[in-house]
There are 2 protein chains.
Amino acid sequence: MSKEMILEKIQQAAQTLKEKKIDMWLIFVRESSNIKDPSMDMVVGTNCTWQTAYIITKDGDTTAILGSLDVPNMKTIGTYKNVVGYVKSIKEPLLAAFNKYRPNKIAINYSRDSNLADGLTHGMYLELIDYLKDTPYADRLVSSEEIVNTLRGRKTPSELNLMKAAIKETLEIFDEATKFIKVGVSEKEIAAHMKKIVKERGFGLSWEADYCPSVFTGPDTAGAHAGPTDRKVQPGHVLNIDFGISYQGYCSDLQRTWYILKEGESKAPEEVQKGFDVIKNSIQLSAKAMKPGKQGCEIDDIARRYILENGYEEFPHALGHQVGRMAHDGGGLLAPRWERYGSLPFKRIEESEVYTIEPRLPIKDYGIATIEEEVVVTKDGCEFLSSPQQEIILIK
Amino acid sequence: MSKEMILEKIQQAAQTLKEKKIDMWLIFVRESSNIKDPSMDMVVGTNCTWQTAYIITKDGDTTAILGSLDVPNMKTIGTYKNVVGYVKSIKEPLLAAFNKYRPNKIAINYSRDSNLADGLTHGMYLELIDYLKDTPYADRLVSSEEIVNTLRGRKTPSELNLMKAAIKETLEIFDEATKFIKVGVSEKEIAAHMKKIVKERGFGLSWEADYCPSVFTGPDTAGAHAGPTDRKVQPGHVLNIDFGISYQGYCSDLQRTWYILKEGESKAPEEVQKGFDVIKNSIQLSAKAMKPGKQGCEIDDIARRYILENGYEEFPHALGHQVGRMAHDGGGLLAPRWERYGSLPFKRIEESEVYTIEPRLPIKDYGIATIEEEVVVTKDGCEFLSSPQQEIILIK
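Owing to the predicted nature of the structure, the values given are computational and were not obtained by experimental measurement.

K.L.:
Provide a residue-level description of the side chain of T63 of chain B, including the pertinent values.
P.N.:
Residues and elements named next belong to chain B. Assignment of secondary structure puts T63 in strand β3 (residues 62-67). For T63, a relative accessible area of 5% puts it in the buried group. Here the side chain of T63 touches N82 through a polar contact of 3.1 Å, side chain to side chain. Each residue touching T63, except ones within four places of it in the same chain, is listed here: A53, Y54, I55, Y80, N82, V84, K100 and Y101.

Written out as C-alpha cells, the structure is:
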C-alpha cells in the first residue's frame, strides 16, 4: 500500500474515532513479522521488532513508540507524525503519550466477533494492563471493533478501483480455465494451469495456495475449502471452482460452475439446469434486498429460504462475507443466526462495503452447483462488481 | 513442512507435555489466513476458517475440531488422528473433547515474554473462557510458553540439516555481494543484486523484503533495521550487511563487514581494524562461554563488557536470539537485563538450540562494524554453524 493510501486510511480512522466518540486508537504489537495485527497493513505500512505502540487520535495526531533500532525505518516509511524511540522499556514513553492525549476512551484491538479487529494477543493485553495499572487509563479501554470494521468495510474510491480491477482479471482467468477444462484432466491440473496464469500476470493468490483455486469435479467431492485432487473430469460432471487473486493488495473471491456434456447431449440435464437456476435466482433475489441499514441475516434468509423451498438442502455456511485487503474481510456477514457467527449476522449493512454472495447446493449424482458474485453497497441498494454468471458453462 | 516433519514435531510436543507435567495443549484459532498463530506451521500444517481447536495430549493423541467445511482439507492434510466437524457452534464438540481427556493442566498460547508462544488473541481468549465457564477447566489453563519454546528451540537432526544448508547458501550470496560492491554503487543496488540471486536460486527471504538485506555504507547511516537507501559506496566507508534466507521453511540470519580502501591504502586504517577485531573477539569470547544451563544474560555480559572495556559504546540490543522457522525464533535470548526483554535474559540455554551472536560498534567517521554468526548448543558447549568472519573484507 502506498504512503498516500495509508495516510488516507489514517485520516478515515481519525474521522471514525470522532464519529464513534472514541478519543484514541492504540495498536500494541511486537515482532510483527512473526505474528501480525491485520490493522498494521492498513494504517502503519511496515513491521516492528520490539513492543511497539501506534497511536491515532480523533484529532488526527499520530505517534509511534518503538524500540530505538526500529526508529530509522519508521521515519523512512513516514506515515506517523511523532516517532519516539526507547531502549530499555516502552512503559515510560507509552505513559507519556497517554498523559499527553489524556483520552477518556481508548480503543484496542480485541474482539470476540471480528477476527480482523482481534489483533492484540492475550500476552500483550496482560503487558498493557500492567503498564497502565496505576493510571486512570486501564479502565478506559474498549474494543476497536467498530473502528476496524468501518475502516475495512467502507472502501475509498481508490480502493474500489483496485477491487474492480482484481475482479476483471479473475473473470478473465476463469475464461482461460474454460478453454482448459476437458474430459480426462484432473482437478490438480486445472488448478496448476490457473496458478501458472496468475504467476505470469504478476498477481498473488487471494488465499492459501493449497486451495486457491479450489476445483471440485463430479459428485462426492469435498465440496468446499479443500485442495484439488487427482480426480479427473468426466462426462456428466458438474464442476465448480472457487478462486481469487490479490491485485495490488486487494483481493477478489468468485466461483463459477461448469457442466461436462455426455455424448449426445447438447445441454445440461434438467436436474442440473434446475439446480444451477435455483442458485442463480437466489443470488439475484438476495442482491435485490441489499441496502444500507439491513441486517446481514435478513439477506442470508432470502437465499436460504428460496433454496429450501425448491427442495434442496440448506448450505452449511454464510451466504456472503466482506472482501477487501483479505478475501474474508470487514465485520458484518450475510450469515444465519448461528452461534458460530456471534453477533456478526445482526450488524447493519453500510454504504461502500463489498460483499460476496455465494450460495451452494448439491445436485445428486452430478456435483455441486455454486456461484459466487461480488457486490458493492450503494446509497439505496447494491451493484454487481462481477458480471454475474447467467448460464452454466458447457464443456464438450 | 512435510507431513512427516509435522508428525515428528507433534510427537516432540507430546513428550514435552509429559516432561513439563501438562496434560494437554490447546491451540485455539480462527481465520488463520488473516492472523496466524505461529505454532500452526509447526504442529498443524494448514489453515482454518472458523473457530478451531487443535488438541495434543501428553499421550500423543490429537484432535482437531473445525467448521464442517474445513474438515475435508484437514483430513487430506492428515496430521491429526481425530477430526471433528461442527456447523453451528464449536462449544459442544470442544467441551466433549475436554470431557474425554479430563485434563488437570491445559496449556494455551499466551505469553507475556515469548511472542511465538503468544498466538492466542485476546478476543479468542474471552471466547474460550466463556465456553469453559461452567466447567472445572477454566481454572486449569496455563501458558504454553515452556512447550512452545522447547519445541521451537530444540532442533531435531532433520531441522538442523536444513538450517546448515540455509547458512551455507547465505554465505555464498555474501561472496557474490563482495564481487558486486564497489565505489559508486548504492545500498539499494547492492540489496537488489542480492535479492535477484535469492530469487534465481529459489529461496525466500528470512524477514521483510524491505530490509532484507539491510545494507549500510559509511558513517551516519541508520545502522540497523532499516531499508537500503540511495547512499553510494565511497572510499573510506565501513559497510555492513544483515541478511538471511528462508530455505525449505528454515531461516538464516548473518552479518558481514567490509572496508572500502582509499587510494593508496592496502589495508584498513588502524581504528577500523581495531573496531573490527573487538567485534570478532567479543564473538569468540561469548561463544566459548556458551553451554547448556547458562543464562542468556551471562553470555550477553561477556561481549557487552569487552566492548565497553575497549572504549566503545554498548550496543543497544541483545547479543543474540534464537533462529529456526523464523529469523527471530524460540524463547531464550542472549540479552541484557533490561525491562523490555522481560524474563527472557534469565532463561537457561538448552542443548540443540540455535543462537545468533551479533554485537556491533560504531567506528567514528567510517561506519558500523558488526558481525553476526550462528551457533548450535551442544552437550557441553557450542559449535559454529557459520564459518566465522576472520578478516574485514577489503574492496579495492
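K.L.:
Help me get a handle on the sheet that holds strand β2 (residues 52-57) of chain A, residues and values and all.
P.N.:
All names here are of chain A. In space, the 6 strands of this open sheet follow the order β4-β3-β2-β1-β5-β6, with mixed pairing throughout. Strands with a single pairing partner mark the edges of an open sheet, and in this sheet they are β4 (82-86) and β6 (141-143). Pairwise comparison of adjacent strand axes, ignoring direction, gives a mean angle of 25 degrees for this sheet. Relative to β4, strand β3 (residues 62-67) runs parallel, the two sharing 5 bridges. Bridge assignment links T63 to a residue of β4, and that residue is N82.

K.L.:
Can you tell me about unusual backbone geometry, naming the residues and giving the values?
P.N.:
Residues and elements named next belong to chain A. Note the cis peptide between C212 and P213, where omega equals 0 degrees. Its location among the elements puts P213 in the loop between β7 (204-205) and β8 (214-217). Unlike most non-glycine residues, K21 shows phi in positive territory, near 55 degrees. The topology assignment puts K21 in the loop between α1 (3-19) and β1 (24-29). The residue Q248 is not glycine, and still its phi comes out positive at about 45 degrees. A relative accessible area of 58% places Q248 in the exposed class.

K.L.:
So what about the interface of chain A and chain B? Which residues, and what values?
P.N.:
At the interface, 55 residues of chain A touch 55 residues of chain B. Taken together, the two surfaces of chain A and chain B that pack against each other cover about 5,100 Å², and 53% of this comes from carbon and sulfur. When residues of chain A are sorted by the area they lose upon contact with chain B, R112, H122 and R340 of chain A head the list and together hold 15% of the total. Linking chain A with chain B are 6 salt bridges. At the boundary of chain A and chain B, one finds 32 residue pairs in polar contact (both at pLDDT 80 or more). Where the side of chain A that touches chain B is concerned, the elements lending two or more residues are α3 (71-77) and α5 (122-131) of chain A. Considering every element that reaches the side of chain A that touches chain B, the biggest residue donor is α5 of chain A, with 8 residues. A class-by-class count of the residues in the side of chain A that touches chain B yields 22 nonpolar, 19 polar and 14 charged.

K.L.:
Kindly report on the pairing of strand β14 (residues 329-334) of chain B, identifying the contributing residues and their values.
P.N.:
When a strand is regular, its side chains alternate between the sheet's two faces. All names here are of chain B. Among the 6 residues in β14, 6 count as buried, and that is most of the element. As defined by bridge partners, strand β13 (residues 320-322) adjoins β14 across 2 bridges and the pair is classed as antiparallel. Each bridged residue has a counterpart across the sheet, and for G320 the counterpart in β14 is L334. If you look at the hairpin formed by β13 and β14, you'll find 6 residues sitting between the two strands.

K.L.:
Talk me through the state of the cysteines; I want residue IDs and the actual numbers.
P.N.:
Residues and elements named next belong to chain B. As enumerated under the stated definition, the model contains 0 disulfides over all chains in all. Looking at the unpaired C297, the closest cysteine sulfur is the one in C382, lying at 17 Å. Classification of C297 by relative accessible area gives buried; the value is 1%.

K.L.:
Could you give me a rundown of the domain arrangement of chain A, with the residues and numbers involved?
P.N.:
Residue and element names in this part refer to chain A. Partitioning chain A into domains gives domain 1 (3-152) and domain 2 (154-395). Taking the mean C-alpha position of each, domain 1 and domain 2 sit 35 Å from one another. With 16 residues of domain 1 in contact, the opposing surface of domain 2 contributes 18 residues. Summed over both partners, the interface of domain 1 with domain 2 buries about 1,400 Å², with 45% contributed by carbon and sulfur atoms. Among the residues of domain 1 in contact with domain 2, M5, D113 and R152 are the three that bury the most area, contributing 39% of the side total. Applying the counting criterion to the domain 1 and domain 2 interface returns 4 salt bridges. Two residues, E145 and K347, come together in a salt bridge whose shortest N-O distance is 3.0 Å. The interface formed by domain 1 and domain 2 contains 11 residue pairs in polar contact (both at pLDDT 80 or more). Here the side of domain 1 that touches domain 2 is built from residues that sort into 5 nonpolar, 4 polar and 7 charged.

K.L.:
Summarise the side chain of D23 of chain B; cite the residues concerned and give the values.
P.N.:
All names here are of chain B. On the secondary structure map, D23 appears in the loop between α1 (3-19) and β1 (24-29). With a relative accessible area of 18%, D23 lands in the buried category. Separated by 2.9 Å, the side chain of D23 and the backbone nitrogen of K105 make a polar contact. Ignoring any residue separated from it by four or fewer positions in sequence, one finds D23 in contact with I56, T57, K58, P103, N104 and K105.

K.L.:
Go over the nonpolar core, please, and point to the residues and values.
P.N.:
Residue and element names in this part refer to chain A. Core analysis: the largest hydrophobic core is formed by 40 residues, its most contacted members being I181, I190, I241 and F243. Considering each element in turn, this core owes the most residues, 10 residues, to helix α7 (residues 157-180). Not counting residues up to four positions away in its chain, the partners in contact with I241 are F174, A177, I181, I190, M194, P213, S214, V215, L254, Q255, R256 and W258.

K.L.:
How would you explain the packing of aromatic side chains if you had to name every residue and give the values?
P.N.:
Two measures describe an aromatic ring pair: the distance that separates the ring centres and the angle between the ring planes. Residue and element names in this part refer to chain A. Counted according to the given criterion, the structure contains 16 aromatic pairs over all chains. Geometrically, the ring pair formed by W338 and Y341 is stacked, given 6.1 Å between the ring centres and 25 degrees between the ring planes. We classify W338 as buried; its relative accessible area is 8%. Here the aromatic cluster, defined as three or more aromatic residues joined through ring pairs, consists of F174, F243 and W258. Note that R304 overlies the ring of F315, its terminal NZ or CZ placed 4.1 Å from the centroid.

K.L.:
So what's going on with helix α8 (residues 187-200) of chain A? Residues and values would help.
P.N.:
All names here are of chain A. In a regular helix each residue adds 1.5 Å, so 14 residues correspond to 20 Å; α8 covers 20 Å between its end C-alpha atoms and thus fits that length. Considered for burial, the residues of α8 that qualify are E187, I190, A191, M194, I197 and V198. All buried residues of α8 project into a common sector of 125 degrees when viewed along the axis, lining one side. Residues K196, K199 and E200 are exposed on α8 and point more than 90 degrees away from its buried face. The inward-facing, buried residues of α8 contact α7, β7, β8, β9 (238-243) and β10 (245-247). The positive-phi residue at the C-terminal boundary of α8 is G202, with phi of around 80 degrees.

Calculation rules
- Residues numbered from 1 in each chain as written.
- Chains lettered and ligands numbered in written order.
- Predicted model: local features only at pLDDT ≥ 70, side-chain atom pairs only at ≥ 80, totals over all residues.
- Heavy atoms only, no water.
- Helix = DSSP H or I, 4+ residues; strand = E, 2+ residues; numbered from the N terminus.
- Buried < 20%, exposed > 50% of the residue type's maximum accessible area, 1.4 Å probe, protein only.
- Polar contact = N/O pair within 3.5 Å; in protein donor to acceptor, adjacent residues only side chain to side chain.
- Contact = heavy atoms within 4.5 Å.
- Pairing = 2+ DSSP bridges.
- Axes fitted to C-alpha atoms, helices over the stretch in contact; angles between N-to-C directions.
- Buried area = accessible area lost by both parts, 1.4 Å probe.
- Salt bridge = Lys/Arg side-chain N within 4 Å of Asp/Glu carboxyl O.
- Nonpolar A, V, L, I, M, F, W, Y, C, P; charged D, E, K, R; others polar.
- Disulfide = S-S within 2.5 Å.
- Domains from an automatic or database assignment.
- Core = buried A, V, L, I, M, F, W, Y, C linked by side-chain atoms within 4.5 Å.
- Phe/Tyr/Trp six-rings, centres within 6.5 Å; stacked < 30°, edge-to-face > 60°.
- Lys NZ or Arg CZ within 6 Å of the ring centre and 35° of its normal.
- Expected span 1.5 Å × (residues − 1).
- Arc of directions from axis to C-beta.

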